[in-house]
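An overview of the molecular structure
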Amino acid sequence: MAQDRFAPFESQIDEAAALRILREATAGAEDGELFLERRRSEALVFDDGRVKNASYDASEGFGLRAVNGEVAGYAHSTEISEAALKRAAETARLAVGDGGGAMAAPPPGTNRHLYTDADPMTDASFGAKIDILREIDAFARALDPRVVQVSASMAASLQEVFILRPEGGLVSDIRPMARLNISVIVEENGRRESGGHGGGGRFGLAGLIEPAHWQPVAREALRIALVNLRAEPAPAGQMDVVLGPGWPGVLLHEAVGHGLEGDFNRKKSSAFAGLMGQQVAAKGVTVLDDGTIPDRRGSITVDDEGTPSGRNVLIEDGVLVGFMQDRQNARLMGVKPTGNGRRESFAHIPMPRMTNTYMLGGETDPASILADLKDGIYAVGFGGGQVDITNGKFVFSCTEAYRVKNGIVGAPVKGATLIGDGPTAMRQIRAIGNDMALDPGIGNCGKAGQWVPVGVGQPTLMIGGLTVGGSAT
């Protein structure tokens with residue numbers, strides 16, 4: 001094997017045997033690969049003065065796939081042995097058959113390191129992690145007497161992948177992940193509100209567990225909770241909305257990003273299907289998906305089919321210029337794969353998925369964008385949301401938002417939801433700030449029952465004519 005980290009696999013089945021079986025399984029098929037994964041993860045939650053949850057998981061296994069047209073034969077096994085690989089190969093061949101077709105050229109065997117290959121779980125002992133979470137709990141409670149509950153969590157994982165293709169292409173990747181989050185609940189005059197903050201990325205826990213990092217996180221969580229404590233009921237109606245930079249890009253991810261994934265467009269189920277080369281957003285709007293940003297949560301050296309990650313422009317100056325593709329959809333659509341073939345684990349089949357999706361900044365001062373908002377909402381924090389891919393309609397709940405009248409930011413509002421559709425919202429962007437920022441590293445994306453880490457980002461934006469759902473009369 002290419003790296004000593006895969007020695008356990010090498011001791012059970014050698015690379016030559018795996019390649020021979022893989023070639024037999026994909027004979028006559030158009031594509032296919034063997035995806036080997038080993039993953040270890042640990043998560044700790046300290047809630048209300050005690051350890052609420054502590055978990056450690058380890059998995060090792062492989063998935064073997066043969067693809068012919070839109071038909072994929074796929075099998076996975078947690079038993080890494082030549083016998084298991086042969087069973088998987090038989091399953092793949094039964095589904096695909098001998099359809100004929102030429103294999104695509106193998107991907108480059110490069111491994112561009114975008115992140116450390118250190119193991120985040122070795123940065124501190126279990127006992128030290130508990131002590132740090134206990135220290136965070138005490139610190140957050142001491143910040144304000146209104147704090148009645150604190151929840152702090154840290155998580156770390158290390159994923160090792162090995163991808164072998166029938167043409168002999170072989171790539172591997174080591175993917176670390178670390179995250180720390182703090183949430184608080186405050187109470188005043190019988191009213192309780194919450195706030196949370198945190199983040200992480202593809203690096204070790206070492207930087208996250210330093211007081212210089214987690215103390216500002218705790219203060220920000222408290223600030224958001226206290227803002228919500230004085231929030232008024234949100235208004236309802238159609239109005240202009242200013243979105244803050246960074247994490248509000250999750251609206252872009254859901255309302256636009258999913259609609260630009262290759263499979264939805266090949267099947268013509270996306271609101272953007274058939275619009276390539278057309279104006280789909282306001283002038284000045286440029287949207288990218290970029291898996292090559294160092295240390296970011298959504299970054300990958302190679303995707304889960306072995307294709308190098310890329311910086312892919314999707315919308316340029318308002319014009320639709322590209323989709324995110326895995327190998328199968330790229331082949332069926334007659335284009336090149338973009339490095340977006342992702343899967344949750346070896347037990348899942350790959351599909352087109354986002355990495356870090358964001359909008360480039362413009363030239364407008366964010367302060368002047370707010371000054372131009374005559375009657376609307378300034379939304380800087382988002383919680384959950386959902387979107388209908390076929391028409392782009394979305395609903396998002398705000399976790400931090402403010403009423404704005406005549407350019408003056410007023411009282412915070414509670415219970416605001418933003419309602420609209422992606423294509424319309426993109427065309428109604430009226431101003432783009434010069435403050436593009438990426439999220440702090442908290443994104444997870446679900447699709448077809450699979451979850452993968454992602455990043456989002458955007459500058460301050462003004463969008464005209466969104467529907468705001470609220471409770472104020």
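Along each chain, residues carry numbers from 1 onward, in the same order as the chain's sequence is written. In view of the model being predicted, local features appear only for residues whose pLDDT reaches at least 70, and side-chain atom pairs are presented and counted only at 80 or more, with totals across whole chains, interfaces and linings using the full set of residues. Side-chain calculation: all heavy atoms of the structure are included, whereas hydrogens and water are not.

**Here's the deal with the sheet that holds strand β5 (residues 170-188)**
Here is the rule we go by: Only strands joined by at least two bridges in the DSSP assignment are considered to pair. Put simply, DSSP H or I for four residues or longer makes a helix, DSSP E for two residues or longer makes a strand, and each gets a number counted from the N terminus. Axes here refer to lines fitted to C-alpha atoms; in helices the fit is confined to the stretch in contact. Angles between the N-to-C directions go from 0 to 180 degrees. In what follows, residue pairs with any heavy atoms lying within 4.5 Å of each other are defined as contacts.
Spatial ordering of the open sheet is given by β3-β2-β1-β4-β5-β6, a layout of 6 strands whose pairing is antiparallel. Single-partner strands in this sheet number two, and they are β3 (71-77) and β6 (191-201). For this sheet, the mean inter-axis angle between neighbouring strands, taken without regard to orientation, is 20°. Direction of pairing for strand β2 (residues 50-68) relative to β3: antiparallel, over a ladder of 7 bridges. By the bridge assignment for β3, leucine 64 is matched with alanine 75. On top of the sheet, helix α3 (residues 82-96) reaches β1 (31-47), β2 and β3; it is set at about 160° to β3, its chief contact. Strands β4 (147-164), β5 and β6 of the sheet are contacted by helix α5 (residues 211-229), whose axis makes an angle of about 145° with β6.

**Re the nonpolar core**
The line we're drawing: Only buried residues count toward a nonpolar core. Its members are Ala, Val, Leu, Ile, Met, Phe, Trp, Tyr and Cys residues joined through side-chain atoms within 4.5 Å. Think of it in three bands: with a 1.4 Å probe and only protein chains considered, a residue is buried below 20% of the maximum accessible area for its type, exposed above 50%, and partly exposed in between.
In terms of nonpolar packing, the biggest core is built from 43 residues, with Leu260, Phe382, Leu418 and Ile429 touching the most fellow members. Elements with a contribution of two residues or more to this core: β8 (237-243), α6 (250-257), β10 (311-316), β15 (375-388), β16 (393-405), α10 (422-427), β19 (429-432) and β23 (461-469). The contact partners of leucine 418, leaving out residues within four places of it in the chain, are Val241, Leu243, Leu251, Phe382, Phe394, Val395, Phe396, Cys398, Leu466, Thr467 and Val468. The next biggest cluster of nonpolar side chains, apart from the first, holds 24 residues, and it includes Ile13, Ile80, Ala84 and Leu164.

**Considerations on the packing of helix α2 (residues 15-25) against α3**
Definition in use: Throughout, the term roughly parallel applies to angles under 35 degrees, roughly antiparallel to angles over 145, roughly perpendicular to angles from 65 to 115, and oblique to all others. Handedness of each helix crossing follows the sense of rotation of the near helix against the far helix: counterclockwise by less than a right angle gives left-handed, clockwise gives right-handed. Classes in brief: Ala, Val, Leu, Ile, Met, Phe, Trp, Tyr, Cys and Pro nonpolar; Asp, Glu, Lys and Arg charged; the others, Gly included, polar.
At a minimum axis distance of 9 Å, the contact between α2 and α3 shows a crossing angle of 15°. Classified by the angle their axes make, α2 and α3 are roughly parallel. At the point where α2 passes α3, the crossing takes the right-handed sense. Facing Ala17, Ala18, Arg20, Ile21, Glu24 and Ala25 of α2, the residues of α3 in contact are Glu82, Leu85, Lys86, Ala89 and Arg93. Partitioned by chemical class, the residues of the contact of α2 with α3 number 6 nonpolar, no polar and 5 charged.

**Quick notes on the packing of helix α4 (residues 126-143) against α5**
Where α4 contacts α5, the two axes come as close as 10 Å, and the packing angle between them is 45°. The angle between the axes of α4 and α5 places the two elements in the oblique class. Two packed elements cross with a definite hand, and for α4 against α5 that hand is right-handed. Here Ile132, Glu135, Ile136, Phe139 and Leu143 of α4 lie close against α5, whose contacting residues are Trp214, Gln215, Ala218, Arg219 and Leu222.

**Structural notes on the environment of arginine 430**
Note the threshold: Counted as a polar contact is a pair of N or O atoms within 3.5 Å, where, for protein atoms, one must be capable of donating a hydrogen and the other of accepting one, and residues adjacent in sequence contribute only when both atoms are in side chains.
Within the secondary structure, arginine 430 sits in strand β19. Considered as a pair, arginine 430 and isoleucine 369 are 61 residues apart in the sequence and their alpha carbons are 9.1 Å apart. Among all residues touching arginine 430, those that are not within four sequence positions of it are Asp240, Met462 and Gly464. Separated by 2.8 Å, the side chains of arginine 430 and aspartate 240 make a polar contact.

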